[in-house]
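# Residue-level structural notes
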Amino acid sequence: MAGPTGRGGSLGSALNDLLRSQVTPRHRLSSYTAKHWHAQLSQLTATHRGYQALEDAGLHVTTKTLINWLSDPEYNIRRSYRDIIHTAYENAAIVPADPIPAHVKNGQFEISGIVKTGDDARERGNRRAAPLRIDGSRGDWDEIEELWLAGELTDEAFEDHFIDDIIVADIGEGTDGWEFPGAFYSVELR
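Read on for a plain summary of the structure. (Residues numbered from 1 in each chain as written. Predicted model: local features only at pLDDT ≥ 70, side-chain atom pairs only at ≥ 80, totals over all residues. Heavy atoms only, no water.)

Judged by nonpolar contacts, the single largest core of 29 residues is most densely connected at Phe-109, Ile-111, Trp-141, Phe-162 and Phe-180. Of all elements in the fold, only helix H1 (11-22), strand E4 (108-117), strand E6 (132-135), helix H7 (142-149), helix H8 (155-171) and strand E7 (185-189) reach the threshold of two or more residues within this core. Among the elements that line this core, the one with the most residues is H8, at six residues. Non-local contacts of Ile-111, meaning those with residues more than four positions away in its chain, are made with Leu-11, Arg-124, Pro-131, Leu-132, Ile-134, Phe-162, Ile-167, Phe-180, Tyr-185, Ser-186 and Val-187. Listed in part, the 18 residues of the second largest apolar core include Tyr-32, Leu-54, Trp-69 and Ile-77. (Core = buried A, V, L, I, M, F, W, Y, C linked by side-chain atoms within 4.5 Å. Buried < 20%, exposed > 50% of the residue type's maximum accessible area, 1.4 Å probe, protein only. Helix = DSSP H or I, 4+ residues; strand = E, 2+ residues; numbered from the N terminus. Contact = heavy atoms within 4.5 Å.)

Next comes the structure, spelled out in structure tokens:
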């Protein structure tokens, strides 16, 4: 039985496709588009999440002050308060990434596509050659997860760290390192 599979034009894009099929990445909520402090404050005060974001950002005003601000979009508030409202708004707009689950970190990865080490370049995962099998449990996922949680896990960074921290930890350095110069990759998680 086939497991979850990621596909892409590079090993990194296939890995990211696979990971996104398993967990939610860090992202911005599309409903947070307000630019003016008043519209941002109005949206924040409409939800418990928004009130929490205001509190976490350090907005400490009385209920009367808050009502005055909300009742008049032209109310003249200090720049420092506008900055706090903006910070709270941006913090509420971002949904953090789910952590990378254990079944991914401990999974068996089957990589299909062009695999090169030294002068040996061959297509894996076809009728003539089995996919490259990697045991994820032997690797160090710390840097990959740190980038993932920060929303900065690009395809290139994922590929580089997967090679250095997962593949090398499992099967070694290869003749002259590992390269994935192909134009299409498939990564199945088992």
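Two aromatic rings, taken as a pair, are described by how far apart their centres are and by the angle between their planes. A full pass over the atoms with the stated rule returns eight aromatic pairs. When the centroid spacing of 5.3 Å and the interplanar angle of 75° are considered together, the rings of Phe-109 and Phe-162 count as edge-to-face. Placement of Phe-109 in strand E4 and of Phe-162 in helix H8 is noted, with a sequence separation of 53 residues between them. Phe-109 gets classed as buried once you look at its relative accessible area, which sits at 1%. We classify Phe-162 as buried; its relative accessible area is 0%. With centroids separated by 6.0 Å and ring planes inclined at 70°, the aromatic side chains of Phe-180 and Tyr-185 adopt a geometry described as edge-to-face. As far as burial versus exposure is concerned, Phe-180 and Tyr-185 are alike and both buried. An aromatic cluster of three or more residues is present, and its members are Phe-109, Trp-141, Phe-158 and Phe-162. (Phe/Tyr/Trp six-rings, centres within 6.5 Å; stacked < 30°, edge-to-face > 60°.)

It is worth spelling out the pattern of salt bridges at this point. Scanning the entire structure with this criterion turns up nine salt bridges. Here Arg-122 ties to Asp-120 by a salt bridge, and the two come within 2.6 Å at their closest N and O atoms. For the salt bridge of Asp-135 with Arg-138, the shortest nitrogen-to-oxygen distance reads 3.5 Å. By relative accessible area, which is 15% here, Asp-135 ends up buried. On the basis of relative accessible area, Arg-138 is assigned to the exposed category, the value being 53%. (Salt bridge = Lys/Arg side-chain N within 4 Å of Asp/Glu carboxyl O.)

Further remarks concern the side chain of Glu-159. With respect to the secondary-structure elements, Glu-159 resides in helix H8. One buried charged side chain, Glu-159, makes no salt bridge at all; its nearest oppositely charged neighbour is Lys-116, positioned 12 Å away. Leaving out residues up to four positions away in the same chain, Glu-159 has contacts with Ser-10, Leu-11, Gly-12 and Phe-180. (Lys, Arg positive; Asp, Glu negative; His and termini not counted.)

Distances and angles like these do not, on their own, reveal function.
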